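Observations on the model geometry
Next come the chains, spelled out residue by residue.
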Amino acid sequence: MSYASTSTQASITVQGGFLALTVKPNPPWVSGQTLTFFVLLSTPAWLTDTVTIYANGTSIASIQISGLSGSTTWTIPQSYAGQSVSFTAKDTLFGATSNAVSGSILYPTKISISAPSTVYVNQTFNVSGTLQYENSSGSWAALSGAIVTVRGSWGGSATATTNSSGQYTATLTAPSSSGTYMMTASFAGSSGVAAVTGYSPLAVSSSPTALPTIASPNWAWCLACFAAGAVVGGLIGYGVAKS
């Protein structure tokens, strides 16, 4: 018995995967900061899928995905400071490339602040410190020509510009009420350099009790009285003590 040959066709649609990338926290970033990368596939991976994270085209991390999503972390090396970077992700199973997440990586900064341990109400005093940034080699260097704003929690403020050594000095007037206050020294950041704030407490005391003022003629007279007799001298001494 013979059979006639026959054939049939069927269409199969192979769905590609769409890959979304999210980076937290949002830019700008600072070298030494740890970033978290979140990836999301539009189609579940039926096998373990490897997603590679790239920074400016260089592989920096990978994520193993068995379903729709995954995440990993990466700490920004100091060598990236001062650069703009674009992060992308690409998976092995679907060959999908994600959206790009771009931003700047800033140089880290640090600032010191030094104020008197105690000042008196309405007294003028100086606040000083040093502003530095961490350069690409990982060394801390002076940040010169930067504007530092010094503020007191009572509302007083002053600005100063750092010198070639990164040092600043600002002059403020203490509040009219005694108590413990907080001082801050802030650098707002600039192109390629991160903002930073330092803190220092400040104790403000009431004015010291003024000593009695004795006019020279009265004092000379008291000495003469003392020479004349102990009783008179004692009375004069008591009067000075009570004044």
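Residues numbered from 1 in each chain as written. Predicted model: local features only at pLDDT ≥ 70, side-chain atom pairs only at ≥ 80, totals over all residues. Heavy atoms only, no water.

**Here we look at the overall build of the protein**
Let me state the cut-off plainly: Strands here mean DSSP runs of E at least two residues long; helices mean DSSP runs of H or I at least four residues long; both are numbered from the N terminus. The contact definition used throughout considers only heavy atoms, calling two residues in contact when any of these lie within 4.5 Å.
A tally of regular secondary structure across the protein gives two helices and 17 strands. Considering only contacts within the protein whose residues lie at least 6 apart along the sequence, 57% involve residues at least 24 apart.

**Description of the pairing of strand S3 (residues 34–41)**
Counted only if it meets this: Burial classification: accessible surface area is computed with a 1.4 Å probe over protein chains only, and a residue below 20% of its type maximum counts as buried, one above 50% as exposed, and the rest as partly exposed. Strands are treated as partners if at least two bridges between them are detected by DSSP.
Side-chain alternation along S3 places Leu-35, Phe-37, Val-39 and Leu-41 on a buried face and Thr-34, Thr-36, Phe-38 and Leu-40 on a face that remains uncovered. Bridge analysis of strand S1 (residues 19–24) against S3 gives six bridges, and the strand direction is antiparallel. In the sheet register, Leu-19 faces S3, and the bridge partner there is Leu-41. Sheet analysis places S3 next to strand S6 (residues 69–75), joined by seven bridges and oriented antiparallel.

**Description of the confidence of the model for the protein**
Filter applied, for reference: Values of pLDDT, which run from 0 to 100, indicate the predictor's confidence residue by residue.
In the predicted model, the protein carries a mean pLDDT of 83, and 78% of its residues have values of at least 70. Low pLDDT, under 50, characterises residues 210–243; the stretch is placed with nine contacts to residues that sit more than four places away or in other chains.

**Here's the deal with the sheet that holds strand S7 (residues 84–91)**
One open sheet holds the five strands; their spatial order is S2-S8-S7-S4-S5, and the pairing between them is mixed. Only two strands of the sheet have a single partner each, and these edge strands are strand S2 (29–30) and strand S5 (58–65). Taken together, the two bridges between S2 and strand S8 (residues 101–106) define a ladder with parallel strand orientation. For Val-30, the partnering residue across the bridge sits in S8 and is Leu-106.

**Considering the sheet that holds S3**
Threshold: Between N-to-C directions, angles cover 0 to 180 degrees, with each direction set by a line fitted to C-alpha atoms, over the stretch in contact for helices.
The three strands lie next to each other as S1-S3-S6, forming an open sheet whose pairing is antiparallel. Only two strands of the sheet have a single partner each, and these edge strands are S1 and S6. Each strand of the sheet is rotated relative to its neighbour by a mean of 20 degrees, with strand direction disregarded.

**Topic: the environment of Ser-112**
Defined as follows: Pairs of N or O atoms are called polar contacts if they sit within 3.5 Å, as long as, within protein, a hydrogen donor faces a hydrogen acceptor (for residues adjacent in sequence, only side-chain-to-side-chain pairs).
Residue placement: Ser-112 occurs in the loop between strand S9 (109–111) and strand S10 (118–120). Linking Ser-112 and Thr-184, residues 72 residues apart in sequence, is a C-alpha distance of 9.7 Å. Among the polar contacts made by the side chain of Ser-112, one reaches the main-chain amide nitrogen of Thr-130 at a distance of 2.9 Å.

**Focus: the pairing of S5**
Inspection of the sheet shows strand S4 (residues 49–55) paired to S5 by seven bridges, in the antiparallel sense. Bridged to Asp-49 within S5 is Ile-65. Hairpin connection between S4 and S5: a loop of two residues separates the two successive antiparallel strands, and Asn-56 in this loop has a positive phi of roughly 50 degrees.

**Looking at the nonpolar core**
The criterion, for reference: The set of buried Ala, Val, Leu, Ile, Met, Phe, Trp, Tyr and Cys residues whose side-chain atoms join them within 4.5 Å is what this entry labels a nonpolar core.
Phe-125, Val-127, Leu-131, Val-150, Tyr-168, Leu-172 and Met-183 are the most contacted members of the largest nonpolar core, which has 26 residues in total. A total of four residues in this core trace back to one element, the largest contributor, which is strand S16 (residues 179–187). In this structure, Leu-21, Ala-55, Ile-76 and Tyr-80 belong to the second largest nonpolar core, which totals 25 residues.

**Remarks on the environment of Tyr-168**
Looking at the secondary structure, you find Tyr-168 in strand S15 (residues 167–173). Owing to a relative accessible area of 2%, Tyr-168 belongs among the buried residues under this scheme. Taking C-alpha positions, Tyr-168 is 9.7 Å from Gly-145, a pair spaced 23 residues apart along the chain. A polar atom in the side chain of Tyr-168 sits 2.7 Å from the backbone oxygen of Ser-112.

**Notes on the side chain of Thr-149**
You can see Thr-149 is positioned in strand S13 (residues 147–152). Sequence-distant contacts of Thr-149, defined by excluding residues within four places in its chain, comprise Ala-158, Thr-159, Thr-184, Ala-185 and Ser-186.

**Some words on the packing of aromatic side chains**
For the record, the criterion: Here a pair means two rings of Phe, Tyr or Trp (six-membered ring of Trp) with centres within 6.5 Å. Their orientation is stacked below 30 degrees between planes, edge-to-face above 60, and tilted elsewhere.
By the definition in use, this model includes eight aromatic pairs. Plain terms: the ring middles of Phe-37 and Trp-74 are 6.4 Å apart, the flat faces sit at 45 degrees to each other, and that makes the pair tilted. Highlighted residues: Phe-37 in strand S3 and Trp-74 in strand S6, separated in sequence by 37 residues. Judged by its relative accessible area of 11%, Trp-74 falls in the buried class. Ring plane angle 80 degrees and centroid distance 5.7 Å describe the contact between Tyr-107 and Tyr-133, whose orientation is recorded as edge-to-face. Taken together, the residues Tyr-107 in the loop between S8 and S9 and Tyr-133 in strand S11 (residues 124–134) connect sequence positions 26 residues apart. Of the aromatic side chains, those joined through ring pairs into one cluster are Trp-29, Phe-37, Trp-74, Tyr-80 and Phe-87.

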